[in-house]
Amino acid sequence: MRVLISPVGERDPRPGDNPDTLGAVVSIALKVGPDVVFLMPTRDRPGVRRHTMRQAEETRVELRSVFPAAKIHICPYEVDDATDYAQVMDETGRILRSIQDATNDPSGPEYFA
């Protein structure tokens, strides 16, 4: 099982200023050929200035069109400030532990981040 884990940015799935270009998540997925994808956007919630939930949903749609059999999950960051690296690192650890639990496969998954 090939597992892609990726944060979602403002230029995913395609940059708004250049829609003919693929964003990072889709570009990486095309190289990896994942069976499972975990997208990690920042959640839309009060106090969060910029979030990437919309981009995560759009990226999921784009990935499903290319990898229809892939399981695609959205695991949002629960942080108030995505530039606060201490918050981001703590939250990344929480998300990665949950991904590891969800992909506990005896065949030994390959992780791509």
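In case you missed it, the structure is sitting above this.
Since this is a predicted model, take the numbers as computed values, not measurements.

Before going further, it helps to examine the overall build of the protein chain. A tally of regular secondary structure across the protein chain gives three helices and four strands. Element order for the protein chain, N to C, with α for helix and β for strand: β-α-β-α-β-α-β. The C-alpha radius of gyration of the protein chain comes to 14 Å, within 12% of the 13 Å expected for a compact globule of 113 residues. A principal-axis box enclosing the C-alpha atoms of the protein chain has dimensions of 40 × 35 × 15 Å.

A few words on the environment of F67. Looking at where F67 falls in the secondary structure, it is placed in the loop between α2 (53-66) and β3 (71-74). Between the C-alpha atoms of F67 and A29, which are 38 residues apart in sequence, the distance is 9.0 Å. Setting aside residues no more than four positions away along its own chain, F67 makes contact with A29, L30, G33 and P34.

Geometrically, the link from D12 to P13 is a cis peptide bond, its omega value of -5° lying close to zero. Along the chain, P13 turns up in the loop between β1 (2-7) and α1 (24-32).

We now examine the nonpolar core. Membership of the largest hydrophobic core comes to 14 residues, with the highest contact counts inside it found for A29, V37, L39, L63, F67, I72 and I74. Ignoring any residue separated from it by four or fewer positions in sequence, one finds L63 in contact with V25, V26, A29, V37, L39 and I72.

What follows concerns the side chain of D12. Considering the arrangement of structural elements, one finds D12 in the loop between β1 and α1. Of the buried charged residues, D12 lacks a salt bridge, with R11 as the closest side chain of opposite charge at 8.1 Å. Polar contacts involving the side chain of D12 include one to the main-chain amide nitrogen of G9, which spans 2.8 Å. Sequence-distant contacts of D12, defined by excluding residues within four places in its chain, comprise P7, G23, A24, V25, Q55, E58 and T59.

On to the environment of E62. Relative to the helices and strands, E62 is located in helix α2. Since its relative accessible area comes to 18%, E62 is described here as buried. The sequence separation of E62 and D12 amounts to 50 residues, and the corresponding C-alpha distance is 9.7 Å. In contact with E62, other than residues within four places in its own chain, are P13, R14, L22 and V26.

The next subject is the pattern of salt bridges. Counted by the stated rule, this structure contains seven salt bridges. With a closest N to O distance of 3.3 Å, R11 and D17 form a salt bridge. With relative accessibility at 48%, the residue R11 sits in the partly exposed group. Overall, D17 belongs to the exposed group, its relative accessible area being 61%. Close ionic contact of E62 with R14 constitutes a salt bridge, the shortest N to O distance being 2.9 Å.

Conventions adopted
- Residues numbered from 1 in each chain as written.
- Predicted model: local features only at pLDDT ≥ 70, side-chain atom pairs only at ≥ 80, totals over all residues.
- Heavy atoms only, no water.
- Helix = DSSP H or I, 4+ residues; strand = E, 2+ residues; numbered from the N terminus.
- Rg over C-alpha atoms; globule rule 2.2 N^0.38 Å.
- Contact = heavy atoms within 4.5 Å.
- Core = buried A, V, L, I, M, F, W, Y, C linked by side-chain atoms within 4.5 Å.
- Buried < 20%, exposed > 50% of the residue type's maximum accessible area, 1.4 Å probe, protein only.
- Lys, Arg positive; Asp, Glu negative; His and termini not counted.
- Salt bridge = Lys/Arg side-chain N within 4 Å of Asp/Glu carboxyl O.
- Polar contact = N/O pair within 3.5 Å; in protein donor to acceptor, adjacent residues only side chain to side chain.

So, to be careful, I would describe these as geometric facts and stop short of saying anything about function.
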